[in-house]
Amino acid sequence: MKTFRDKVIVITGASSGIGEAMAKEYAAQGAKVVLGARSVQKLQLLAGDIRSTGGRAAYCGVDVTKPAECKELIDTAVREFGGIDVLICNAGISMRAIFDDVELDVLHKLMDVNFWGTVYCCKYALPYLQASKGSIVGISSVAGLHGLPGRTGYSASKYAMTGFLETLRIENLKKGLHVMIACPGFTASNVRFSALTADGSQQGETPRDEAKMMTAEQVARIVAKGILRRKRLCLMEIEGRATHFVKKFAPAFLDRMFYLVMSREPDSPLK
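Conventions adopted
Residues numbered from 1 in each chain as written. Predicted model: local features only at pLDDT ≥ 70, side-chain atom pairs only at ≥ 80, totals over all residues. Heavy atoms only, no water. Axes fitted to C-alpha atoms, helices over the stretch in contact; angles between N-to-C directions. Helix = DSSP H or I, 4+ residues; strand = E, 2+ residues; numbered from the N terminus. Parallel < 35°, antiparallel > 145°, perpendicular 65-115°, else oblique. Contact = heavy atoms within 4.5 Å. Salt bridge = Lys/Arg side-chain N within 4 Å of Asp/Glu carboxyl O. Buried < 20%, exposed > 50% of the residue type's maximum accessible area, 1.4 Å probe, protein only. Expected span 1.5 Å × (residues − 1). Arc of directions from axis to C-beta. Core = buried A, V, L, I, M, F, W, Y, C linked by side-chain atoms within 4.5 Å. Pairing = 2+ DSSP bridges. Right-handed = clockwise from strand over helix to strand, strands pointing away. Polar contact = N/O pair within 3.5 Å; in protein donor to acceptor, adjacent residues only side chain to side chain. Patch = residues over 30% accessible without salt bridge, like charges linked within 9 Å, V, L, I, M, F, W, Y side chains within 5 Å. Areas by Shrake-Rupley, 256 points an atom, 1.4 Å probe, with all protein chains shown as cover. Lys, Arg positive; Asp, Glu negative; His and termini not counted. Charge placed at Lys NZ, Arg CZ, Asp CG, Glu CD. Left-handed = near helix turned anticlockwise from the far one by under 90°.

*Asks:* Which parts of the structure should I look at to understand the packing of helix α7 (residues 237–249) against helix α8 (residues 251–263)?
*Replies:* Between two packed helices, both the angle of their axes relative to each other and the distance between the axes serve to describe the pair. Where α7 meets α8, the axes come as close as 6 Å, and the angle between the chain directions of the two elements is 135°. Taken as axis vectors, α7 and α8 run oblique relative to one another. Along its contact with α7, which presents Thr243, Val246, Lys247 and Phe249, the element α8 presents Pro251, Phe253, Leu254 and Phe258.

*Asks:* Is there a simple way to think about unusual backbone geometry in this case?
*Replies:* Peptide bonds are trans in most cases, and residues, glycine excluded, mostly fall at negative phi. Non-glycine residue Lys133 carries a positive phi angle of around 50°. The residue Lys133 is located in the loop between α4 (104–132) and β5 (135–139) in this model. One non-glycine residue with positive phi stands out, namely Arg230, at about 55°. Along the chain, Arg230 turns up in the loop between α6 (216–228) and β9 (233–235).

*Asks:* So what exactly am I meant to see when it comes to the pattern of salt bridges here?
*Replies:* A side chain with one charge may pair with a side chain of the opposite charge, provided their charged atoms come close. Within this structure, the stated rule accounts for six salt bridges. Close ionic contact of Arg79 with Glu72 constitutes a salt bridge, the shortest N to O distance being 3.1 Å. One salt bridge connects Arg96 with Glu265, and the closest N-O pair in it is separated by 3.0 Å. One end of the pair, Arg96, is in the loop between β4 (86–89) and α4; the other, Glu265, is in the segment after α8, and 169 residues separate them in sequence. Taken individually, Arg96 and Glu265 each receive the classification buried, so the pair is uniform in this respect. One salt-bridge network, held together by shared partners, links Arg96, Arg151 and Glu265.

*Asks:* Just checking my understanding: could you explain α8 for this structure?
*Replies:* Think of an α-helix as 3.6 residues a turn; residues three or four steps apart then line up on the same face. Compared with the 18 Å implied by 1.5 Å per residue over 13 residues, the 18 Å span of α8 between its first and last C-alpha is a close match. Listing the buried residues of α8 in full gives Leu254, Phe258 and Met262. The buried residues of α8 occupy one face: seen down the axis, they fall within an arc of 55°.

*Asks:* Sorry, what's going on with the nonpolar core here?
*Replies:* In globular proteins that are soluble, nonpolar side chains generally tend to be buried together. Formed by 47 residues in total, the largest nonpolar core has its most connected members in Val10, Leu87, Met95, Ile136 and Leu165. Listed by contribution, the elements that provide at least two residues to this core are β1 (8–12), α3 (67–81), β4, α4, α5 (152–171), β6 (178–183) and α8. When residues in this core are grouped by element, the largest group, nine residues, is from α4. Setting aside its immediate chain neighbours within four residues, Ile136 contacts Leu87, Cys122, Leu126, Leu129, Leu165, Leu168, Leu177, His178, Val179 and Met180. Counting 34 residues, the second largest nonpolar core, distinct from the first, contains Phe4, Ala27, Val86 and Ala224.

*Asks:* Before we go on, may I ask you to explain the sheet that holds strand β3 (residues 56–61) in this structure?
*Replies:* Strands belonging to one sheet form pairs held by backbone hydrogen bonds; the direction of such a pair is parallel or antiparallel. Here we have seven strands laid out as an open sheet, ordered β3-β2-β1-β4-β5-β6-β9, and parallel in their pairing. What marks the edges here is a single partner per strand, and that holds for β3 and β9. Between one strand axis and the next, the sheet turns by 15° as a mean value, whatever way the strands run. Where β1 and β4 come together, three bridges link them in parallel fashion.

*Asks:* How should I be thinking about the pairing of strand β2 (residues 32–37) in this particular structure?
*Replies:* For a regular strand, side-chain orientation follows a simple rule: the groups alternate between the two sheet faces. Most of β2 sits inside the fold, with six of its six residues counted as buried. The alternating pattern of β2 places Lys32, Val34 and Gly36 on one face and Val33, Leu35 and Ala37 on the opposite face, and all of these are buried. On the question of chirality, the crossover connecting β1 to the parallel β2 by way of helix α1 (residues 17–28) is right-handed. On the question of chirality, the crossover connecting β2 to the parallel β3 by way of helix α2 (residues 40–52) is right-handed.

*Asks:* What am I meant to see in the environment of Arg56 here?
*Replies:* Along the chain, the position of Arg56 falls in strand β3. Residue Arg56 is classed as partly exposed on the basis of its relative accessible area of 31%. If we skip the residues at most four places from it in the chain, Arg56 touches Asp6, Gly30, Ala31, Lys32, Val33, Ile50 and Phe81. Within the local environment of Arg56, its side chain forms a polar contact with the backbone oxygen of Gly30, the two atoms lying 2.8 Å apart.

*Asks:* When you look at a positive patch on the surface in this model, what are you seeing that I'm missing?
*Replies:* A cluster of basic side chains, namely Arg221, Lys225, Arg229, Lys231 and Arg241, defines a positive patch on the protein surface. One can find Lys225 in helix α6. With relative accessibility at 51%, the residue Lys225 sits in the exposed group.

*Asks:* When you look at the packing of α3 against α4 in this model, what are you seeing that I'm missing?
*Replies:* Packing of α3 against α4 leaves a shortest axis separation of 9 Å and a crossing angle of 35°. The element α3 and its partner α4 pack so that their crossing is right-handed. Where α3 abuts α4, its residues Pro67, Cys70, Lys71, Ile74 and Val78 lie against Gly117, Tyr120, Cys121, Tyr124, Ala125 and Tyr128.

Structure follows, in structure tokens:
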């Protein structure tokens, strides 16, 4: 795959943030994008925007915690465009609470969306991706490289995603399947506004300065380059690269740095 032209790209969590940015960027590069998210109304508007500029788009309402709906998303791609070249598992939720305080239902919800949502979509897309020797991309996080204090469920779900996708890569070594784990740093997107608190309610506002974060559009472009280069791990910004490097040689130091940084957030749950 040298370009995205005429490639079929399925994107979950496509109604906002990184998913929306990827849909617009990849359609502009000539891809046929298939959009999945819970809000059908938002998907309709996004698909309409893409088509109005000459792009090709299909959509399907999907709650990734439901296997049958994940299957329908994949079936939509095959029905509309004849196959799948890239599956981007982007749908996800975050959280902000220490384990002492968090309700267990919150952790279950993080795993259902971030981990099981990836598993379900990969299960139904796999035969088509094997046939096209295509790509599976998991949108992970720096929290999937090293435990992030105050985000126990989020880190756990992203680590689980990483373990699953790495194993899938190894199982398909002789089938030409490309698997990439992409780890954005803190990104200006809706995922932080909808992050769950200890009791499962949405936090409603981000404790971080949006102006200092990567944009969703930047993430979309970096992920595109990673897919075309068939990278295994796509790190972004200095945070991700430094975390990956320092963890190899000074993991205890990295623990302290993560604690220090996260404890300085406004209203941090770390005491």
